[in-house]
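Chain residues, written in single-letter form:
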Amino acid sequence: MQQRWTIDELIDTWTLLPTETDLLRNKTGPTRLGFAVMLKAFQHEGRFPYNTHEVPEAAVEYVAQQVGVATDEYRAFNWRSRNSSYQRQDIRAFCGFREFTNEDAGTLTDWLSQSVVPNEARSGAVTEAALRWLRENGIEPPSPGRLQRFVDAAERHYDLRLCQTIHDRLSTDHRAGLEALLRPTTLEEDQPEDHEGLGPRGSVLQNLRTNSEKRGVESVEEQIERLRLLRRLKLPQPLFADVAPHVLTRYSERASNESPSHFRAQSPPVRLTLLAAFCTARAAELTDTLVTHLMDMVHHINVKAERRVERNFVAEFRRVHNKDRILERLLEAALGNPDGTVREVLFPVVDEQTLRDLLREYKEKGGFRQQVHTLVRSTYRSHYRRMIPWLLTELSFRSNNHRHQPVIDALGLLGRYVDSNAKIYPSEEHIPVGGVIDRNIRDLILERGPDGGTRVNRVNYELCVLSALRDALHSREIWVVGADKYRDPDKDLPQDFEARKESYFQALRQPQEVDTFVLGLEQQLKDALVMLHDGLPKNTGVRVVTRDGGRFVVTPLTRQPDPPFYDTLKGEVGRQFWNTQLLDVLVEVDRRAGITPHFKSFMTRENMPRDQLQQRLLLCLYGLGTNTGLKRVAAGQDGVGYSDLKYVRRHYIHRDALRAANAAVVNATLAARRPDIWGEGTTSCASDAKKYAAWDGNLRTQRSIRYGGDGVMIYWHVERRASGLLPENWTVRTRDSGSPPALGWKVRRPL
């Protein structure tokens, strides 16, 4: 129950109406106050409080003032007495509710398994939906433990029904192909023992699970072989068409962690559904990986060539004797007599033959663009070009925008000439130019033939097509068939969007009418611009200058003085918590915010006791978050081995669970803040960020094409009265414009 209430919220929620005060006529003392509190709490929550401590003190004081009973009498009220049971019956009858029955259990379970479980991905959303359904039907919810059992039963019913449906959709050949993934494989005589990640007793499934994070032609070849293997199964396209993405992801993650022996112990519907979900999700993941490899390759060779040419230009400019002095003298002479002729003004400074020699030298070497293009062409032709036929064969590109159709046509042209040895495209071939070849480099790409006509070199044209493709993929104007990250943007909307449009707009808190949305957005922008216009002249720390086309200059803030007793408070904290370990802090965070319940296994059952699982989860989070490693953490614990932590890491810790745990910590932090000191907390962040390198084992690690390499992104956290740098693994400094001073603290490295 909400613990902090404003005076307006108390009046709206906890005020007793005349019809409600009539129920208190024959009650006095603690019974009178306890009954009134139970009544208003039941009306607000749709259930009775579990104990007296759940109701906030502010609400109790407000109700006590209305019924004329001292607030201290509330603690004397017996919530579990027979008299309290009779009072609960009166409150149910007054509110139009009834108790939960066994018939309601079956109805609730069926409704959850059919209407809620297939569509809800957030942890706890099914329980919230169950509570809403009970309240709408006037039924008092059962105890939390019993309600959770009904939720679990609904999820099991949905899984069994879905597995049987998927099993029936698979043909005999499909089932045989999926079963073949679990068969042990043996190595050929000429293959090393660790070939393709398979040991002597490996399986095809283990090979498909292997990831190749390195960028290069060899990695592309490995991923294409795995993608071809999955496509040879020829699973039907609409196999999971009516299944929500989060369900497919859950099944795929479960299949990724199951061993072949565990698969064989499952019933055929469950086993085949898990394998089919894994193959479907894995094929989309491999497709995304290949597209990412392609985009990285184009970006890498261009950036590397530009940097190399820049270094060569600087070195050449420094090496040639007196070339900079010649250029300086020419510029001074030209600016000193702009109306004179070249022969009269420039030739006396630098003779004609010297200028001809310099011109010939620049023509032989070419300009910056030409040198970059030459280097890119050489790198692409000698190494990276051999993987283009594989990608064009395995990837199918589409576009919903006719402006990018020339790129699609150009890709088709490249595909038709995959097996050709021709260096120049035939003159009768239609070659898309607009939208493919940038205007700034057309003079380098379009060559003059012996007959005086224009011809196109295949290597040069392929580079232009790949660059245009990369830009279009980055903006999602071109998408890839069978991909997930680079999928059709029209499929970003839920498949049932038209049927449930009203509920989706309500969840987004946005109007359905376009004009209303645009007018509201325009008004927000107008108000912000007016506030900026009115406040800018009064702000002495911000100036508008005219250089570089106009810019804002912000004066650095001066350090604010420390508040009174800051040193005393800091010393007292250091004295009381001088030996507090980071693991102790993590345990305390779990006790207050409850982060470990968000980490749930993808499996259908959990036999491990929750307290034992909690200990191992915290140890895993500590080992991963601090880069200590699971082996070192396990070495310092009695009764917990490395294999135990590895099992928990593989089955419980994943990205979605980590996001939910982080959200719980943030919500608990914002709830604990005192608004009169820190102001109203927000979750707004600035758009700019900085990348820091991180290991692949970090669950927050993501590959950035712009910044290069794997790492985590760090953003500025912005509040109404303060802004602070929130790096994920560095010391934080905040500066508040209000009363709190600049404070510094350490942040645990995230996962």
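Residues numbered from 1 in each chain as written. Predicted model: local features only at pLDDT ≥ 70, side-chain atom pairs only at ≥ 80, totals over all residues. Heavy atoms only, no water.

Trainee: I'd like to hear about the overall build of the protein chain, residue by residue, with values.
Mentor: Of regular secondary structure, the protein chain possesses 31 helices and 12 strands. Counted over contacts in the protein chain with a minimum sequence separation of 6, partners at least 24 positions apart contribute 63%. Looking at the protein chain as shown, the accessible area adds up to about 45,600 Å², and 51% of this sits on carbon and sulfur atoms. (Helix = DSSP H or I, 4+ residues; strand = E, 2+ residues; numbered from the N terminus. Contact = heavy atoms within 4.5 Å. Areas by Shrake-Rupley, 256 points an atom, 1.4 Å probe, with all protein chains shown as cover.)

Trainee: Could you give an account of the pattern of salt bridges, naming the residues involved and the relevant values?
Mentor: Taken as a whole and judged by the stated rule, the model has 29 salt bridges. Two residues, Asp-104 and Arg-98, come together in a salt bridge whose shortest N-O distance is 2.7 Å. A relative accessible area of 8% means that Asp-104 is categorised as buried. Its salt-bridge partner being Glu-285, residue Arg-282 comes within 3.2 Å of it at the nearest N-O pair. Pair noted here: Arg-282 and Glu-285 are both in helix H14 (residues 268-319), with a separation of three residues, about one helical turn. Take Arg-282: its relative accessible area is 3%, and that puts it in the buried class. We classify Glu-285 as partly exposed; its relative accessible area is 38%. Linked through salt bridges whose partners overlap, the residues forming this network are Glu-225, Arg-228, Arg-231 and Glu-394. (Salt bridge = Lys/Arg side-chain N within 4 Å of Asp/Glu carboxyl O. Buried < 20%, exposed > 50% of the residue type's maximum accessible area, 1.4 Å probe, protein only.)

Trainee: Explain a nonpolar patch on the surface residue by residue, including any values.
Mentor: A surface patch of nonpolar side chains, about 450 Å² in accessible area, is lined by Val-514, Phe-517, Val-518, Leu-521 and Leu-525. Of note, Val-514 is situated in helix H24 (residues 514-535). (Patch = residues over 30% accessible without salt bridge, like charges linked within 9 Å, V, L, I, M, F, W, Y side chains within 5 Å.)

Trainee: Hey, could you go over the packing of helix H18 (residues 368-382) against helix H22 (residues 458-474) for me, with residue numbers and the actual values?
Mentor: Orientation of H18 relative to H22, taken along the N-to-C sense of each, is 95°, at an axis distance of 10 Å. On the basis of the axis angle, H18 is roughly perpendicular to H22. Between H18 and H22, the contacting residues are His-373, Val-376, Arg-377, Tyr-380 and Arg-381 on the first element and Val-459, Asn-460, Glu-462, Leu-463 and Leu-466 on the second. Taken together, the residues of the contact of H18 with H22 break down into five nonpolar, two polar and three charged. (Axes fitted to C-alpha atoms, helices over the stretch in contact; angles between N-to-C directions. Parallel < 35°, antiparallel > 145°, perpendicular 65-115°, else oblique. Nonpolar A, V, L, I, M, F, W, Y, C, P; charged D, E, K, R; others polar.)

Trainee: How would you sum up the confidence of the model for the protein chain? Please name residues and give values.
Mentor: Interpretation of this model should avoid reading the predicted coordinates in detail wherever pLDDT is low. In this model, the protein chain carries an average pLDDT of 81, and 87% of its residues clear a pLDDT of 70 or more. Element-level mean pLDDT values for the protein chain span from 30 in strand S12 (residues 744-745) up to 94 in strand S4 (residues 478-480). Across residues 725-751, where pLDDT falls below 50, the model places 76 contacts with residues more than four positions away in sequence or in other chains. (pLDDT = per-residue confidence, 0-100.)

Trainee: Before we move on, can you summarise the packing of aromatic side chains with the specific residues and values?
Mentor: Inspection of the entire model under this criterion finds nine aromatic pairs. Here the aromatic rings of Phe-42 and Phe-97 are separated by 5.0 Å at their centres, their planes lie at 80°, and the arrangement is edge-to-face. Here the residue Phe-42 occupies a position in helix H3 (residues 29-45), and Phe-97 occupies one in the loop between helix H5 (82-95) and helix H6 (102-116), the gap between them amounting to 55 residues. Take Phe-42: its relative accessible area is 1%, and that puts it in the buried class. Judged by relative accessible area, Phe-97 falls into the buried class, the value being 17%. Taken together, the ring pairs connect Phe-42, Phe-48 and Phe-97 into an aromatic cluster. Stacked on the ring of Phe-35, the Lys or Arg Lys-27 has its end atom at 4.5 Å from the ring centre. (Phe/Tyr/Trp six-rings, centres within 6.5 Å; stacked < 30°, edge-to-face > 60°. Lys NZ or Arg CZ within 6 Å of the ring centre and 35° of its normal.)

Trainee: So what about the nonpolar core? Which residues, and what values?
Mentor: In terms of nonpolar packing, the biggest core is built from 101 residues, with Leu-178, Leu-181, Met-297, Tyr-380, Phe-397 and Tyr-461 touching the most fellow members. Broken down by element, this core gets its largest block of residues, 19 residues, from H14. For Leu-178, the residues in contact, after removing those within four places along its chain, are Leu-170, Leu-233, Leu-235, Leu-272, Leu-275, Ala-276 and Cys-279. By size, the runner-up hydrophobic cluster in this structure holds 27 residues, among which are Trp-14, Ala-36, Leu-39 and Phe-77. (Core = buried A, V, L, I, M, F, W, Y, C linked by side-chain atoms within 4.5 Å.)

Trainee: Quick one: what's the story with a positive patch on the surface, residue by residue and with numbers?
Mentor: A surface patch of like charges, here positive, comprises Lys-304, Arg-307, Arg-308 and Arg-311. Looking at where Arg-308 falls in the secondary structure, it is placed in helix H14. When its relative accessible area of 44% is taken as the criterion, Arg-308 is described as partly exposed. (Lys, Arg positive; Asp, Glu negative; His and termini not counted. Charge placed at Lys NZ, Arg CZ, Asp CG, Glu CD.)

Trainee: Let's hear about the pairing of strand S6 (residues 551-554): which residues, and what values?
Mentor: In terms of strand pairing, strand S5 (residues 542-545) meets S6 through four bridges, oriented antiparallel. For Val-544, the partnering residue across the bridge sits in S6 and is Phe-552. Linkage of S5 to S6, two consecutive antiparallel strands, is achieved through a turn of five residues, within which Asp-548 is found at a positive phi near 55°. (Pairing = 2+ DSSP bridges.)

Trainee: Which residues make up the environment of Ala-281, and what values go with them?
Mentor: Inspection of the secondary structure puts Ala-281 in helix H14. For Ala-281, a relative accessible area of 22% puts it in the partly exposed group. Measuring from C-alpha to C-alpha, the distance between Ala-281 and Ser-252 comes to 6.5 Å, with 29 residues separating the pair along the chain.

Trainee: Could you give me a rundown of the packing of helix H26 (residues 582-593) against helix H27 (residues 610-625), with the residues and numbers involved?
Mentor: Running from amino to carboxyl end, H26 crosses H27 at an angle of 130°, the nearest separation of the two axes being 10 Å. Judged by the angle between their axes, H26 and H27 are oblique. Of the two elements, H26 crosses H27, and the hand of that crossing is right-handed. Each of Leu-582, Leu-583, Leu-586, Val-587 and Asp-590 in H26 lies in contact with H27, whose residues at this interface are Gln-614, Leu-618, Leu-619, Leu-621 and Tyr-622. A per-class count over the contact of H26 with H27 returns eight nonpolar, one polar and one charged. (Left-handed = near helix turned anticlockwise from the far one by under 90°.)

Trainee: If you had to explain unusual backbone geometry to someone new, which residues and values would you point to?
Mentor: At Lys-234, a position not held by glycine, the phi torsion is positive, near 55°. Within the element layout of this structure, Lys-234 appears in the loop between helix H11 (217-231) and helix H12 (245-257). With relative accessibility at 65%, the residue Lys-234 sits in the exposed group. With a phi close to 65°, Arg-476 is a non-glycine residue in the positive phi region. The residue Arg-476 is located in the loop between H22 and S4 in this model.

Trainee: Break down helix H7 (residues 125-136) for me, with residues and values.
Mentor: When the terminal C-alpha atoms of H7 are compared, their 16 Å separation across 12 residues agrees well with the 16 Å that a helix rising 1.5 Å per residue should span. Buried within H7 are the following residues: Ala-125, Val-126, Ala-129, Ala-130, Trp-133 and Leu-134. Buried residues along H7 sit against H6 and helix H8 (144-169). At the exit of H7 stands Gly-138, carrying a positive phi of roughly 70°. (Expected span 1.5 Å × (residues − 1).)

Trainee: Just give me the short version of H22, but keep the residues and values in it.
Mentor: Think of an α-helix as 3.6 residues a turn; residues three or four steps apart then line up on the same face. Here H22 spans 24 Å end to end across 17 residues, near enough to the 24 Å set by a 1.5 Å rise per residue. For H22, a buried count of 14 out of 17 residues is recorded, marking the element as mostly surrounded by other parts of the structure. Phi turns positive one or two residues past the end of H22, at Arg-476, with a value near 65°.

Trainee: Quick one: what's the story with the side chain of Thr-287, residue by residue and with numbers?
Mentor: One can find Thr-287 in helix H14. In this structure, Thr-287 is in contact with Leu-227, Arg-231, Leu-395, Val-480, Val-481, Gly-482 and Ala-483, ignoring residues within four places of it in sequence.

Trainee: Would you mind going over the environment of Met-38 in detail, with residue names and values included?
Mentor: Topologically, Met-38 is positioned in helix H3. Separated by 11 residues in sequence, Met-38 and Pro-49 place their C-alpha atoms 7.1 Å apart.

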